[in-house]
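A closer look at the structure
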Amino acid sequence: MSSTAIPGNSAASAAISPEKEQRKQALQTWLASVNRHAIKLDSMRAASADASFRQYYRIDTEDGHSLIAVDAPPATENNAAFIKMAKLLKSINLTVPEVLAHDLEQGFMLVTDMGMHTYGQILNSDNAHKLYLDAIDSLILFQAQSQADVLPEYDRPFLLRELNIFKEWYVGKHLGVTLTDAQTATLDKVFDHLLASALAQPQVYVHRDYHSRNLMWMDKGNPGIIDFQDAVYGPITYDLVSLLRDAYVQWDEEIVLDWAIRYWEKARRAGLPVAPDIDSFYRDFEWMGLQRHLKILGIFARLSHRDGKHHYIADIPTVMEYVRKTSNRYKELIPLLRLLDELQDNAPQVGYTF
């Protein structure tokens, strides 16, 4: 999961490491060499950083607009996939950044600026319904173009690797707990239920991080969609649950249910292969959400313990609430709820509160 990308200037004042400063200078040199877009190099300033190794810089142009320069180290970032997806999404009339220039060897790109405001920055009770329906319409348009063998498959090994991030980083590193054989068996059985549910769903294009920090508010063509380089071919409910059960923005369950039903109705009308009854669809949605949220717990723990990005710990309680509520609603998942209680009781007391 890659989280935030280009959300305005929230990272503008953050100090950067010598290595990142060196890459910034190399990026400036590259920009000077491709300067056919009338950019003003001396205006380059931080736009944002995200949960990956990417850095973003906003640069003014001579005509009064701005562009985004991207530093995406090729050792860690899939820039070719970003360029491929940008073309694919633009071809189906979705609002995405246009790649104006790129250097795959160095990991540099110059892209159009999607603006300063993510959904996460502007959502409120007055505008949420309109913004979410816009996002749902764009998601359906994206899914309706799905074809097999275009994007990597979100298969069982892939989904299981994500679940194991929870086991390694949240349980092992964050809670400091070594699972017993019985606990491991319990968790693996829950994983098997989640994987079977995900793989039984119709498969479509999946953004993988379709949420409030990767959707930009736009005057026209709302929403702008970013951070799509990890797109795959996978379960139809995945992006909807990313959107409606967001790790960063939480809505009352009755509102989420209303939006999910609206998606289901619109998807059926668009000819998408959603489950024929809403109860089955919503169960698929919830179980898919549990797979995603377990992964997110592991990723947030990894971002803190490995990468020093400790602010993600503050988002764990929201994600854990999703996990617990979903687990409590299905008999197959109740063992996970009991296991979480055991793990919390056995974890070293180091000040975590969930």
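Our subject is the structure that appears above.
Structural notes, computed from the coordinates. (Residues numbered from 1 in each chain as written. Predicted model: local features only at pLDDT ≥ 70, side-chain atom pairs only at ≥ 80, totals over all residues. Heavy atoms only, no water.)

Attention shifts here to the pairing of strand β5 (residues 108-112). Taken across its five residues, β5 has four buried, putting it largely inside the fold. Across five bridges, the pairing between strand β3 (residues 66-71) and β5 is antiparallel. Looking across to β5, one finds that D71 is bridged to F108. In this structure, strand β4 (residues 99-103) lies alongside β5, joined through four bridges in antiparallel fashion. Across the sheet, residue A101 finds its bridge partner in β5, namely L110. Once β4 ends, the chain turns through four residues before running back antiparallel as β5, passing G107 with a positive phi of about 85°. (Buried < 20%, exposed > 50% of the residue type's maximum accessible area, 1.4 Å probe, protein only. Helix = DSSP H or I, 4+ residues; strand = E, 2+ residues; numbered from the N terminus. Pairing = 2+ DSSP bridges.)

A few words on the pattern of salt bridges. Taken as a whole and assessed by the stated rule, the structure comprises 21 salt bridges. R245 is the salt-bridge partner of E286, the closest N and O atoms lying 2.9 Å from each other. Taken together, the positions of E286 in helix α9 (residues 278-305) and R245 in the loop between α7 (238-244) and α8 (253-269) put the pair 41 residues apart, joining distant regions of the chain. For the salt bridge of E332 with K331, the shortest nitrogen-to-oxygen distance reads 3.7 Å. Here E332 falls in the partly exposed class, since its relative accessible area comes to 25%. (Salt bridge = Lys/Arg side-chain N within 4 Å of Asp/Glu carboxyl O.)

Attention now moves to unusual backbone geometry. Among all residues save glycine, negative phi is the norm, and among peptide bonds the norm is trans. A cis geometry characterises the amide bond from N222 onward to P223, with omega recorded as -5°. Checked against the element boundaries, P223 lands in the loop between β7 (215-216) and β8 (224-225). The phi dihedral of D149 falls on the positive side, at around 70°, and the residue is not glycine. Residue position: D149 is located in the loop between α4 (128-144) and α5 (156-174). Of the residues examined, D149 reaches a relative accessible area of 78% and is grouped as exposed.

Attention now goes to the packing of aromatic side chains. A full pass over the atoms with the stated rule returns 15 aromatic pairs. Ring geometry for Y263 and F281: centres 5.7 Å apart, planes at 20°, overall stacked. Taken together, the residues Y263 in helix α8 and F281 in helix α9 connect sequence positions 18 residues apart. In this structure Y263 comes out as buried when scored by relative accessible area, which is 0%. (Phe/Tyr/Trp six-rings, centres within 6.5 Å; stacked < 30°, edge-to-face > 60°.)

Below, the discussion takes up the environment of I299. Tracing the backbone through its elements, the reader meets I299 in helix α9. Residue classification places I299 among the buried residues on the basis of a relative accessible area of 3%. Remark: the alpha-carbon pair of I299 and Y170, spanning 129 residues in sequence, is separated by 7.9 Å.

The terminal C-alpha atoms of α8, which comprises 17 residues, lie 24 Å apart, in line with the 24 Å expected from a rise of 1.5 Å per residue. Here α8 has its buried residues at V256, W259, A260, Y263, W264 and A267. For α8, the buried positions fall inside an angular range of 145° around the axis, keeping them on one side. When the buried face of α8 is taken as reference, the exposed residues oriented beyond 90 degrees from it are E254 and R269. At the exit of α8 stands G271, carrying a positive phi of roughly 85°. (Expected span 1.5 Å × (residues − 1). Arc of directions from axis to C-beta.)

Every α-helix carries 3.6 residues per turn, so stepping three or four residues along brings you back to the same face. Taking 1.5 Å as the rise per residue, helix α10 (residues 316-329) with 14 residues should run 20 Å; its terminal C-alpha atoms sit 20 Å apart, in good agreement. Of the residues making up α10, those classed as buried are I316, T318, V319, M320, Y322, V323, T326 and S327. Contacts made by the buried residues of α10 are with α5, α9 and α11 (334-346). (Contact = heavy atoms within 4.5 Å.)

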